[in-house]
2 protein chains.
Amino acid sequence: MSHQAEADRVLRSLGRDCLEHDPDVLRSVLDRVGDKWSLILIGLLDKGPMRFTELLRTAPGISRRMLTLTLRSLERDGLVKRVIYPESPPRVEYEVTPFGRTLSEPVLALTRWAADNQDTIRANRHAFDKAAGFDGDDLG
Amino acid sequence: MSHQAEADRVLRSLGRDCLEHDPDVLRSVLDRVGDKWSLILIGLLDKGPMRFTELLRTAPGISRRMLTLTLRSLERDGLVKRVIYPESPPRVEYEVTPFGRTLSEPVLALTRWAADNQDTIRANRHAFDKAAGFDGDDLG
DNA sequence: CGGCATCCCGATAGATACTG
DNA sequence: CAGTATCTATCGGGATGCCG
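Residues numbered from 1 in each chain as written. Chains lettered and ligands numbered in written order. Predicted model: local features only at pLDDT ≥ 70, side-chain atom pairs only at ≥ 80, totals over all residues. Heavy atoms only, no water.

With an unreviewed UniProt entry as reference, chain A is termed HTH hxlR-type domain-containing protein, source organism Microbispora bryophytorum.

Written as structure tokens, this is what we have:
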């Protein structure tokens, strides 16, 4: 993509207030990938193809069932591809599609935000809870 | 941002596997803002301060209860600030904090992705469902 | 107008057992 | 190994009512 085309796209989307943080559009993407596991799996698979059991071990806390369901929905949306190798111990690998990789970009942005601001949030919560508990009593 | 700076940023983030799509870090941010309404509200408030009832009308489908709960949690995390104007008809406005505004950026990236790819997802689902033989819901 | 408390339902997701 | 099926519990979140 050319520099100019990219700049154009950004400016266009920023300039049109109908797109800027449109609640309905945002809702649509959240309904699709805003569940508990989709983005996690997209993130993991972004590093390379993985097998079912491998994902089961790597995704912290996911169950067999949810892994199956989430992978199916991702496959359905064309974000992930399922590849079957008909071997003697049957093997199945999942990989991100080129389309899925385009989603990986904004996801990474979100992950980066999370990494950068975990401490701030923790501190804010602490302060808020303390203030609420003492009903704003700030006398020494 | 310059072409070079952008390239640098991408390479740096891709090169550091400690940050790249860490499942736990991603989970932490999803636990905070991955619920049904947080990102919607952040997005709405990004455009400017809004009153409680105003948000109630503008956020599509939110209930009184969930608006209250979500605003509280956002306030607790320091993403949103609650401002009370002691007037004759009491008035309360919510606004994004500077900290909240930093989150607004990755959220916008996600919204843009959604807007750009709604049609693709719809098509993918249709194709998948047709192939599998079962019918699922449509993309709103 | 702003916002908490109560009740209740349905979706989400965990545990377990079974199949190819 | 790679799932599927079922059963169940939890809880997010909607509806409603009350209160400042």
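The subject of this paragraph is the protein's contact with DNA strand D. Around DNA strand D, a shell composed of 17 residues is seen, among which Thr53, Thr68, Arg82 and Tyr94 of chain A together with Arg65 of chain B lie nearest. Backbone sugar and phosphate groups make up 61% of those atoms of DNA strand D lying within 4 Å of the protein. Between DNA strand D and Tyr94 of chain A there is a distance of 2.6 Å, counted from a phosphate oxygen to a side-chain nitrogen or oxygen. Of all the secondary-structure elements, those providing two or more residues to the surface near DNA strand D are helix 4 (52-58), helix 5 (64-76) and strand 3 (91-96) of chain A together with helix 5 (64-76) of chain B. Residue composition of the surface near DNA strand D, by class: 6 nonpolar, 3 polar and 8 charged. (Near = heavy atom within 4 Å. Polar contact = N/O pair within 3.5 Å; in protein donor to acceptor, adjacent residues only side chain to side chain. Helix = DSSP H or I, 4+ residues; strand = E, 2+ residues; numbered from the N terminus. Nonpolar A, V, L, I, M, F, W, Y, C, P; charged D, E, K, R; others polar.)

This brings us to the interface of chain A and chain B. Contact with chain A, which involves 54 residues of that partner, is made by 60 residues of chain B. Buried surface at the junction of chain A and chain B, summed over both partners, amounts to about 5,700 Å²; 67% is from carbon and sulfur atoms. Where chain A touches chain B, the interface holds 4 salt bridges. Run the count over chain A and chain B and you get 14 residue pairs in polar contact (both at pLDDT 80 or more). When residues of the side of chain A that touches chain B are traced back to their parent elements, those giving at least two are helix 1 (3-15), helix 2 (23-33), helix 3 (38-45), helix 5 and helix 6 (98-133) of chain A. Among the elements that line the side of chain A that touches chain B, the one with the most residues is helix 6 of chain A, at 22 residues. Its residues placed into classes, the side of chain A that touches chain B shows 25 nonpolar, 14 polar and 15 charged. (Contact = heavy atoms within 4.5 Å. Buried area = accessible area lost by both parts, 1.4 Å probe. Salt bridge = Lys/Arg side-chain N within 4 Å of Asp/Glu carboxyl O.)

Overlay of chain A on chain B (RMSD 0.1 Å): rotation 180°, translation along the axis 0.0 Å. This pairing of chains is accounted for by a two-fold axis. Looking at the interface residues of chain A, 98% of them are also at the interface in chain B, so both copies use one shared face. (Least-squares fit on C-alpha atoms with pLDDT ≥ 70 in both.)

This next bit is on the packing of aromatic side chains. One pass over the structure, following the stated rule, counts 2 aromatic pairs over all chains. Measuring from centroid to centroid gives 5.6 Å for Phe99 of chain A and Trp113 of chain B, while their planes differ by 20°, and the two rings are stacked. Of this pair, Phe99 of chain A sits in helix 6 while Trp113 of chain B sits in helix 6 (residues 98-132), placing the two residues on different chains. Exposure remark for Phe99 of chain A: the relative accessible area of 14% places this residue in the buried category. Residue classification places Trp113 of chain B among the buried positions, given a relative accessible area of 7%. A cation sits over an aromatic face here: Arg91 of chain A above Tyr85 of chain A, 4.2 Å from the ring centre. (Phe/Tyr/Trp six-rings, centres within 6.5 Å; stacked < 30°, edge-to-face > 60°. Buried < 20%, exposed > 50% of the residue type's maximum accessible area, 1.4 Å probe, protein only. Lys NZ or Arg CZ within 6 Å of the ring centre and 35° of its normal.)

Here we take up helix 3 (residues 38-45) of chain B. Of all 8 residues in helix 3 of chain B, 8 are buried, a share of seventy percent or more. For helix 3 of chain B, the full list of buried residues reads Ser38, Leu39, Ile40, Leu41, Ile42, Gly43, Leu44 and Leu45 of chain B.

Residue and element names in this part refer to chain A. One open sheet holds the 3 strands; their spatial order is 1-3-2, and the pairing between them is antiparallel. Single-partner strands in this sheet number two, and they are strand 1 (50-51) and strand 2 (80-85). Bridge count for strand 2 against strand 3 is 6 bridges, and the pairing is antiparallel. Within the sheet, the bridge partner assigned to Arg82 lies in strand 3 and is Tyr94. (Pairing = 2+ DSSP bridges.)

To continue, consider the side chain of Arg125 of chain B. Counting through the fold element by element, Arg125 of chain B comes out in helix 6. Take Arg125 of chain B: its relative accessible area is 11%, and that puts it in the buried class. A distance of 2.6 Å separates a polar atom in the side chain of Arg125 of chain B from a polar atom in the side chain of Asp77 of chain A.

Turning next to the environment of Arg72 of chain B. Tracing the sequence through the fold places Arg72 of chain B in helix 5. Apart from the residues within four sequence positions on either side, Arg72 of chain B is in contact with Arg82 and Tyr94 of chain B.

Summed over all chains, the structure comprises 16 salt bridges over all chains. Glu75 of chain A is the salt-bridge partner of Arg72 of chain A, the closest N and O atoms lying 3.6 Å from each other. With a gap of 3 residues between them, Arg72 of chain A and Glu75 of chain A both fall in helix 5, about one helical turn apart. The partly exposed category is assigned to Arg72 of chain A, whose relative accessible area is 30%. A salt bridge links Glu87 of chain B to Arg91 of chain B, with the shortest nitrogen-to-oxygen separation between them at 3.0 Å.

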